[in-house]
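One-letter residues, chain by chain:
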Amino acid sequence: MTYDVVVVGAGIVGCAAAVELAQAGVRVAVFDAGPIGAGASGRNAGLVEHPFDREQVALHDETVAILRDVLGDAFPTQPTGVLLLFEDERGAEQAVREAAAFPELTPELLAPDAVVTAEPSVRPGLWGCWMQTGYPVRPEAAVRRFAELARDRGATFVTDTPVALLHDGDGTVRGVVADGEAHRADVVLVAAGAASSALVDPTGQWQPVRPLWGVSVNLESAAGPRIPLVDGRSEGSVPSAFSLIPTPEELALGSTWLDDEPDGISWIARLGAEAAAFWPPVTEAAITGVRVCARPHAFDGRPLLGRVAGHRTLWTATGHGGRGVSTGAATARLIAATIIAGDDRDVPPALRADRAGPPPVTPSA
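Residues numbered from 1 in each chain as written. Predicted model: local features only at pLDDT ≥ 70, side-chain atom pairs only at ≥ 80, totals over all residues. Heavy atoms only, no water.

Student: Can you explain the pattern of salt bridges? Please cite residues and give values.
Tutor: All chains considered together, the criterion is met by 19 salt bridges. In this structure, Asp300 and Arg355 form a salt bridge, with 2.7 Å as the shortest nitrogen-oxygen distance. Residue Asp300 is located in the loop between strand S16 (287–298) and strand S17 (304–307), and its partner Arg355 is located in the segment after helix H9 (324–341); the two are separated by 55 residues in the primary sequence. The partly exposed category is assigned to Asp300, whose relative accessible area is 36%. Between Arg352 and Asp344 there is a salt bridge, with its nearest N and O atoms 3.3 Å apart. A relative accessible area of 18% means that Arg352 is categorised as buried. Through salt bridges with shared partners, a single network forms among Glu20, Glu62 and Arg333. (Salt bridge = Lys/Arg side-chain N within 4 Å of Asp/Glu carboxyl O. Helix = DSSP H or I, 4+ residues; strand = E, 2+ residues; numbered from the N terminus. Buried < 20%, exposed > 50% of the residue type's maximum accessible area, 1.4 Å probe, protein only.)

Okay, structure coming up:
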């Protein structure tokens, strides 16, 4: 088969990019080694939140607008707010100062009494930083809706099939090989999340994006808090820290940032113990499941968007970390527009894929 564009990755970015490309009349196919939304897009905690990075704020704001349009009534009309929790006043004050760099968050310092007023179920005595962000959604809702829209516009999906890049003898990417069959394309867009580096360079020499594993425990939502609760310690500074996200159907208890793929079941007790220090009702909450996913963590914490350095036909949109659902829809719209234009100069320099340098040239298999 021959296409204008082949997208590798059926997560939120890949599916949303397929919508934009197909809408513009581009012949597009989406390939994935697993089912739609099998990675972080379908297994995240379910919270669309501010990226806390000035370079990505515009992508977040546009993503909120896109998701509101695509999901309709399933997307909240207003943010619920997010409450960062701290053992002491000093930590909460520091969080407020840092959040003040983004006035749209309207951060507010909450003394212990005010924390309990904001969310009565938390342990008394904690300090808080309240921020105006957070739109809870069902984790897989957005990616499945984008896949549905892409199909409606004529995109082809080939899932649950091993995929590799197809190269000419000089290393030029000419499409993909799926289940032994070649599928040629003028452009290949790699939006494969944590698998993106290995897909581009199976030798492992080029690894600007690596997996950072997350575990979340699903709890019954009946006794849950009204707002997302988060341990205020810096994300990634510890292997795990408390978060509790109320989504429309369940509570998502997390979170972890692990280099190696974990056994999710083995983390239930540890996450529960950490949660009890902030939210005592966790000891009575019924567990309904466990999710494990690999977040695509970029080497500098920002996504890689645009042409891969040294390649004319190879583009990428990956490395969103835990913010794929928060910025992915707008990322997809941006990357689709650059592919159609054949020029990625509209991608902000801080987010351009070429900052990662070129991968090795891979000869034709």
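Still to come is the rest of the account.
Student: Explain H9 to me, and be specific about the residues and the numbers.
Tutor: End to end, H9 covers 24 Å across 18 residues, agreeing with the expected 26 Å (1.5 Å per residue, within 8%). The axis of H9 is deflected most strongly, by about 30°, at Ala330. With 14 of 18 residues buried, H9 lies mostly within the body of the structure. (Expected span 1.5 Å × (residues − 1). Bend = angle between axes of the 7 residues up to and from the residue.)

Student: Go over the pairing of strand S2 (residues 28–31), please, and point to the residues and values.
Tutor: Taking every second residue as pointing to the same face, both faces of S2 are buried, with Val28 and Val30 on one and Ala29 and Phe31 on the other. Relative to S2, strand S1 (residues 2–8) runs parallel, the two being bridged by 4 bridges. When the sheet's bridge partners are listed, Val8 is paired in S2 with Phe31. In this fold, the crossover linking S1 to S2 by way of helix H1 (residues 12–23) has right-handed handedness. Sheet topology places S2 next to strand S8 (residues 156–158); 3 bridges connect them, and they run parallel. Looking across to S8, one finds that Val30 is bridged to Phe157. (Pairing = 2+ DSSP bridges. Right-handed = clockwise from strand over helix to strand, strands pointing away.)

Student: Give me the lowdown on the packing of aromatic side chains, citing residues and values where you can.
Tutor: For the coordinates displayed, the defined rule picks out 3 aromatic pairs. When the ring of Phe52 is compared with that of Phe102, the centres are 6.5 Å apart and the planes differ by 80°; the resulting orientation is edge-to-face. One end of the pair, Phe52, is in the loop between strand S3 (47–48) and helix H3 (57–71); the other, Phe102, is in the loop between helix H4 (89–99) and strand S5 (108–110), and 50 residues separate them in sequence. Pairing Phe75 with Tyr135 gives two aromatic rings, centres 5.1 Å apart and planes at 20°, and the pair type is stacked. With a gap of 60 residues between them, Phe75 in the loop between H3 and strand S4 (82–86) and Tyr135 in strand S7 (residues 135–136) connect regions that are remote in the sequence. Judged on exposure class, the residue Phe75 and its partner Tyr135 are both buried. (Phe/Tyr/Trp six-rings, centres within 6.5 Å; stacked < 30°, edge-to-face > 60°.)

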